[in-house]
Each structure stands twice: as structure tokens, then as C-alpha cells.
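Coordinate inspection notes
Read off the chains here:
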Amino acid sequence: MSAKKIMNELNLKQLKEIELSILKSFINFCNEHDLQYTAAYGTVLGAVRHSGFIPWDDDIDIMMPRPSYEKLLEIYNNDENKYKIISNHHDPHFFSTFAKIYDDRSILKQNYGSIEKYSIGVNIDIFPIDGLPSDYKVACKHINRIKRYYKLLGISVLDLKSVKGNILIKLLKKGIALPLKIIGYHFFQRRIEQLSIKYNYLNSDYVGVISFGEGICEIIEKEKVNNDIFMKFEDIDIKVPSDYECYLENIYGDWRKLPPLNQQITKHNFIAYVKEDK
């Protein structure tokens, strides 16, 4: 007879400790299997500006060239890893277009608002980097097309019972969402992935995280995200984009300037628990 589990809520420090442990395990795995990766988004900013987590941040973001990303999806769960990877290739109910590596000894209860709920453990995000056309206008058009499909994907996973607003707004949202839910989010996932891999990463001079990402500000020369620079992140060294200043300026603008105190808050809304034997 298995022991009953109790749920103990994690504070921010404990949450970061689990995420850092997942990151260390991921880096070891990449080194063992010759997979390329680099830090992304707030994790780059944290490494460059704070030598670790942004004090008020609560997640870790990683990006990988599409070939390494696909190999990771294929082999990670076959290894004797302490942690698990999940993506829409592993679980048809997972509606994101990027992967997560998570600790199944924990639970992350996230408030997605009116989005249907999907819960896993404390995790780090893994984003694929895809190729882009060299012509900037064509690249922008390509990314904006993918973004339109991503918006449709978001609407297709709306929890219609949680839609807020007056009666007219509710009817409008439900009227738009219902046919998209009938089509199903798998259709939009497939279209996003088909478009994202249209331009081969290896043959492209420009790249970006385009299957999710921040839009056209993701466009960057591939040589500027080559992962040959290490920076301190807490008690380890992690790879960051080789031209991290260009990358951070593209994503955040004036990244050197701290935001006002009232904006130094996490953008995520969740409660994390660890499972322990009773």
C-alpha cells in the first residue's frame, strides 16, 4: 500500500532551487548528448545583470536550435533522468508549442485565467529556435502569420465557463471560440510547427523563437546567438547568446535600466507545492 502524500507549499526561494536543479540536470544532459542550447529571455537578463535569477522573477527560459530541440524531445525521457520532459509530441493534451522539463515530485497550480487548465510540476521552459528568410520584410510577414495562428490557438483552448465580461462580450467571445474549439487546437499546433520549420535552421542566416516568442523582435543573425559565451548564473555557468547585448536590446529595449519598484513583480500567477510522504 503506497504512502499518502501531503502537499507543502513552496516559497520563492524553494521554487528557484528546484528550477536551478532542473537546469543543472538539463545542462549535463546536453553536454552528454552534444546538444546546443543557450539561455533565453529573463534568464539571459538575469545572468548578465544579476549573475543569477532576476530577484523578482520565478522561471528559467532556455532556447535550442531546432535540430537539438527535436533530438531532446526524442531521447530525454528514454534516459534515466530525475526529471521529465513534456511537449505536444509527448502528450496530446498539452497545448503549448514549446517544451517543459519538470519535477513530477511537485505540482504547479497555475491560474491561466480563461484558458483551460493543464498542471505539471515545477519546470523550466525550452523553446525551439527556427530559421528565417534573410529578407527582413519577408521574415516579418512570416512571423506575423505564425502569430495569427498562435492567437487562434489561444482562443481554441478558452474555458468557455470562465469567460468574463457582460452578456454581449461573453456571447461574442463564445461565438468566436466555439467554432475554433470544434476545429481543435491540434490543427493550430500543426500549422504553427509547419510554418516554424519552413526555413531550415542550418541553412538560415537569421533565426528566432517564432513558434511562441515575442514577435518580430525575435529576428536576429544566427551568429549572434551562437552559444560560445558562458556567464555566471547563481552557482553555475550557463551559455548565453554570443551577442547578448544585441539580443537583450531586441527583446527588452533599454535592458540595463531597472524597472520602477512597482513593476518589479513576477508576471506569472501560480502556487507551487512539493509532494511529501505523510
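For the structure, see preceding data.
Treat the numbers as computed from the prediction; the structure is a model and nothing was measured.

About the thresholds
Residues numbered from 1 in each chain as written. Predicted model: local features only at pLDDT ≥ 70, side-chain atom pairs only at ≥ 80, totals over all residues. Heavy atoms only, no water. Helix = DSSP H or I, 4+ residues; strand = E, 2+ residues; numbered from the N terminus. Buried < 20%, exposed > 50% of the residue type's maximum accessible area, 1.4 Å probe, protein only. Contact = heavy atoms within 4.5 Å. Phe/Tyr/Trp six-rings, centres within 6.5 Å; stacked < 30°, edge-to-face > 60°. Lys NZ or Arg CZ within 6 Å of the ring centre and 35° of its normal. Core = buried A, V, L, I, M, F, W, Y, C linked by side-chain atoms within 4.5 Å. Salt bridge = Lys/Arg side-chain N within 4 Å of Asp/Glu carboxyl O. Pairing = 2+ DSSP bridges. Polar contact = N/O pair within 3.5 Å; in protein donor to acceptor, adjacent residues only side chain to side chain. Axes fitted to C-alpha atoms, helices over the stretch in contact; angles between N-to-C directions. Parallel < 35°, antiparallel > 145°, perpendicular 65-115°, else oblique. Left-handed = near helix turned anticlockwise from the far one by under 90°.

Counting secondary structure elements, the protein chain contains seven helices and twelve strands. Considering the protein chain as a whole, with its 278 residues, one finds that 48% of them fall into the buried category. Across the protein chain, every contact between residues at least 6 apart in sequence was considered, and the portion connecting residues at least 24 apart equals 70%.

Scanning the entire structure with this criterion turns up eleven aromatic pairs. Ring plane angle 45 degrees and centroid distance 6.5 Å describe the contact between Y41 and Y247, whose orientation is recorded as tilted. A residue pair is termed long-range when its members are at least 10 positions apart, and Y41 in helix 2 (residues 41-50) and Y247 in helix 7 (residues 244-252) qualify at 206 residues. Relative accessible area serves as the criterion here: at 6%, Y41 is assigned to the buried category. Using a relative accessible area of 4% as the deciding quantity, one classes Y247 as buried. Three or more aromatic residues link up through ring pairs in this structure, and these residues are Y41, F98, F127, Y150, F212 and Y247. Over the aromatic face of Y201 sits the side chain of K222, whose NZ or CZ is 4.8 Å from the ring centroid.

Our next topic: the nonpolar core. Core analysis: the biggest nonpolar cluster contains 59 residues, and L23, F26, M64, I126 and I238 have the highest contact counts within it. M64 has contacts with F26, C30, L35, Q36, Y37, Y69, L72, I126, F127, P128 and I129, leaving out every residue within four places of it along the chain. Among the nonpolar cores identified, the runner-up in size contains 16 residues, and F95, I146, Y149 and L180 belong to it.

This part takes up the pattern of salt bridges. Taken as a whole, this structure holds eight salt bridges when the rule is applied. The closest approach of N and O atoms between R105 and D103, which form a salt bridge, is 2.9 Å. What emerges from the salt-bridge pattern is a single network uniting R66, E70 and D130.

Here the focus is unusual backbone geometry. The residue D34 is not glycine, and still its phi comes out positive at about 55 degrees. Counting through the fold element by element, D34 comes out in the loop between helix 1 (12-33) and strand 2 (38-39). On the basis of relative accessible area, D34 is assigned to the exposed category, the value being 70%. Positive phi, close to 50 degrees, is recorded for Y41, a residue that is not glycine.

Next up on the list: the side chain of T43. Relative to the assigned elements, T43 resides in helix 2. Looking at T43, the relative accessible area reads 2%, which means it is buried. Each residue touching T43, except ones within four places of it in the same chain, is listed here: D59, I60, D61, F233 and I238.

What follows deals with the pairing of strand 5 (residues 99-102). Looking along a regular strand, one sees the side chains alternate between the two faces of the sheet. Of the two faces of strand 5, both are covered, the one formed by A99 and I101 as well as the one formed by K100 and Y102. Taken together, the four bridges between strand 5 and strand 7 (residues 123-132) define a ladder with antiparallel strand orientation. The residue bridging K100 from the neighbouring strand is D125, located in strand 7.

Mapped onto the fold, S196 is located in helix 6 (residues 185-196). For S196, a relative accessible area of 0% puts it in the buried group. Looking at S196, its side chain comes within polar contact range of the main-chain oxygen of I192, at 2.7 Å. Once residues lying within four places of it in the same chain are set aside, the contact partners of S196 are R66, D130, G131, I146, I210 and S211.

To continue, consider the packing of helix 4 (residues 136-156) against helix 6. The contact between helix 4 and helix 6 brings their axes to 9 Å, and the two run at 165 degrees. By the angle class used here, helix 4 and helix 6 are roughly antiparallel. As helix 4 packs across helix 6, the resulting crossing turns out to be left-handed. Each of H142, R145, I146, Y149, Y150, L152, L153 and S156 in helix 4 lies in contact with helix 6, whose residues at this interface are Y185, F187, F188, Q189, R191, I192, L195 and S196.

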